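If you want the building blocks of each chain, they are given just below.
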Amino acid sequence: MSPAISALFWGFISGGALILGAAIGFYLSVPRRIAAGIMAFGSGVLISALSFELMGEAFASAGLGATAAGFLLGAIVYAIANRALAQQGAKHRKRSGEQQPSEDEQSGSGTAIALGALLDGVPESIVIGLGILHGGAVSIATVAAIFLSNLPEGISSSAGMRKAGRSAGYVFGVWTGITLACALSALAGYTLFDNLPNEVVAATTAVAAGAMLTMIVDTMIPEAFAETRDWAGLIAVLGFLVSFGLSQGVG
């Protein structure tokens, strides 16, 4: 399998967890505490992956200055975009309860939620392609981390969409579209940066890592803590430990 096809394939696999999670959340009555617990676990997984897989690689290739600048840039861009979408109705897009507004309650919220899901998925998919550029092969630890974080997102968000009165066609249309976008983003991460210096690739990896950490804190952790409360931190630590083990033994 060529590196470009590999990036496309693994981007689709990691994004496909959104469709799987959406089916579980839409058709099954998953207790909110269970969904939130899985979200906490996914938060820990992603934090570990971006710390050891992404920021570590960026620092090794580009040094502290470029890595820090990229990290902050990613965080700032994500925070601004997320705030704009939140004002249009996408603030609670990962919530499994009744916080998501229906289209009648806030016109345009459906589009905002879809764009918010796209905003969440693109940075973490790009790093799959960038990782192939870094090491010549896909990082199983990174793919596993993204898959394990996307699954609870699909479960929680689709349950909230259903409670807001959105149809199955809308829900699965959104997640299928986001999955395809994830695959294309991973491909873009490889092809668009193929001939650029390692320092540029590393800085871009740091940008994605900054966006991912901001996403975790702004959208995943609130859902996790709302239901699991005192257990959220412990569950996140378990997720962190699993991802750390993957990065050390498999990545």
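Residues numbered from 1 in each chain as written. Predicted model: local features only at pLDDT ≥ 70, side-chain atom pairs only at ≥ 80, totals over all residues. Heavy atoms only, no water.

**Overview of the overall build of the chain**
Here comes step 1: Each helix and strand in the chain was counted, giving seven helices and zero strands.
Here comes step 2: Tracing the chain from N to C terminus, the helices and strands come up as α-α-α-α-α-α-α.
Here comes step 3: In terms of overall dimensions, the chain is globule-like: its C-alpha atoms have a radius of gyration of 17 Å, near the 18 Å expected for 251 residues.
Here comes step 4: Overall, the chain is about 50 × 35 × 35 Å in size when its C-alpha atoms are taken along their principal axes.
Here comes step 5: With the model as given, the accessible surface of the chain reaches about 10500 Å², and the carbon-plus-sulfur share is 68%.
Here comes step 6: The centroid of the 11 positive side-chain charges in the chain is displaced by 11 Å from the centroid of its 15 negative side-chain charges. (Helix = DSSP H or I, 4+ residues; strand = E, 2+ residues; numbered from the N terminus. Rg over C-alpha atoms; globule rule 2.2 N^0.38 Å. Areas by Shrake-Rupley, 256 points an atom, 1.4 Å probe, with all protein chains shown as cover. Lys, Arg positive; Asp, Glu negative; His and termini not counted. Charge placed at Lys NZ, Arg CZ, Asp CG, Glu CD.)

**A short note on the nonpolar core**
Here comes step 1: Counting 46 residues, the largest nonpolar core has Leu-46, Trp-175 and Ile-178 as its most contacted members.
Here comes step 2: Secondary-structure elements contributing two or more residues to this core are helix H1 (3-27), helix H2 (32-90), helix H3 (109-135), helix H4 (140-163), helix H5 (168-191) and helix H6 (198-228).
Here comes step 3: Among the elements that line this core, the one with the most residues is H2, at 12 residues. (Core = buried A, V, L, I, M, F, W, Y, C linked by side-chain atoms within 4.5 Å. Buried < 20%, exposed > 50% of the residue type's maximum accessible area, 1.4 Å probe, protein only.)

**Regarding the UniProt feature "transmembrane region" (unreviewed entry) in the chain**
Here comes step 1: The feature "transmembrane region" (unreviewed entry), as given by UniProt, occupies residues 7-28, 34-52, 59-81, 126-148, 169-188, 200-219 and 231-250 in the numbering adopted here.
Here comes step 2: As annotated, residues 200-219 has a helix share of 100% and a strand share of 0%, and its two end C-alpha atoms lie 28 Å apart. (UniProt positions renumbered as here; feature names shortened; annotations may be inferred.)

**Focus on the side chain of Ser-43**
Here comes step 1: Position of Ser-43 among the secondary structure elements: in helix H2.
Here comes step 2: Residues within four places of Ser-43 in sequence aside, it is in contact with Ile-216, Met-220 and Ile-221. (Contact = heavy atoms within 4.5 Å.)

**Some words on a nonpolar patch on the surface**
Here comes step 1: Judged by side-chain polarity, Met-1, Ile-5 and Phe-9 come together as a nonpolar surface patch covering roughly 340 Å² of accessible area.
Here comes step 2: Inspection of the secondary structure assignment puts Ile-5 in helix H1. (Patch = residues over 30% accessible without salt bridge, like charges linked within 9 Å, V, L, I, M, F, W, Y side chains within 5 Å. Salt bridge = Lys/Arg side-chain N within 4 Å of Asp/Glu carboxyl O.)

**A word on the packing of H4 against H5**
Here comes step 1: Contact pair H4 / H5: the axes reach a minimum separation of 10 Å and the direction vectors enclose 150°. When the interaxial angle is binned, H4 and H5 end up roughly antiparallel. H4 and H5 meet at a crossing whose hand is right-handed. The segment H4 lies against H5, with Glu-153, Ser-157, Ser-158 and Met-161 engaging Tyr-170, Val-171, Val-174 and Trp-175.
Here comes step 2: Each residue belonging to the contact of H4 with H5 can be placed in one class, and the counts come to five nonpolar, two polar and one charged. (Axes fitted to C-alpha atoms, helices over the stretch in contact; angles between N-to-C directions. Parallel < 35°, antiparallel > 145°, perpendicular 65-115°, else oblique. Left-handed = near helix turned anticlockwise from the far one by under 90°. Nonpolar A, V, L, I, M, F, W, Y, C, P; charged D, E, K, R; others polar.)

**Some points on the packing of H1 against H5**
Here comes step 1: Between H1 and H5, the least distance of the axes is 7 Å, while the angle of their chain directions is 160°. For the element pair H1 / H5, the angle class is roughly antiparallel. The hand of the H1/H5 crossing is right-handed.
Here comes step 2: By residue class, the composition of the contact of H1 with H5 is 23 nonpolar, six polar and no charged.

**What to know about H2**
Here comes step 1: Taking 1.5 Å of rise per residue, the 59 residues of H2 would be expected to cover 87 Å, yet its terminal C-alpha atoms sit only 19 Å apart, more than 12% below that figure.
Here comes step 2: For H2, the principal kink sits at Gly-63 and spans about 125°. (Expected span 1.5 Å × (residues − 1). Bend = angle between axes of the 7 residues up to and from the residue.)

**Quick notes on the packing of aromatic side chains**
Here comes step 1: Inspection of every chain in the model, using the stated rule, returns six aromatic pairs.
Here comes step 2: Measuring from centroid to centroid gives 5.0 Å for Phe-9 and Trp-10, while their planes differ by 80°, and the two rings are edge-to-face.
Here comes step 3: Residue Phe-9 is classed as partly exposed on the basis of its relative accessible area of 36%.
Here comes step 4: When its relative accessible area of 23% is taken as the criterion, Trp-10 is described as partly exposed.
Here comes step 5: A centroid spacing of 5.8 Å and a plane angle of 70° characterise the contact between Phe-52 and Phe-240, whose relative ring orientation is edge-to-face. In this pair, Phe-52 is assigned in helix H2 and Phe-240 in helix H7 (residues 232-249), connecting sequence segments 188 residues apart.
Here comes step 6: Given the relative accessible area of 38%, Phe-52 is considered partly exposed.
Here comes step 7: Given the relative accessible area of 30%, Phe-240 is considered partly exposed. (Phe/Tyr/Trp six-rings, centres within 6.5 Å; stacked < 30°, edge-to-face > 60°.)

**Concerning H4**
Here comes step 1: For H4, with 24 residues, the first-to-last C-alpha span of 35 Å sits near the 34 Å given by 1.5 Å per residue.
Here comes step 2: Burial within H4 is extensive, with 18 of its 24 residues counted as buried.
Here comes step 3: Just downstream of H4 lies Gly-165, where phi reads positive at about 90°.

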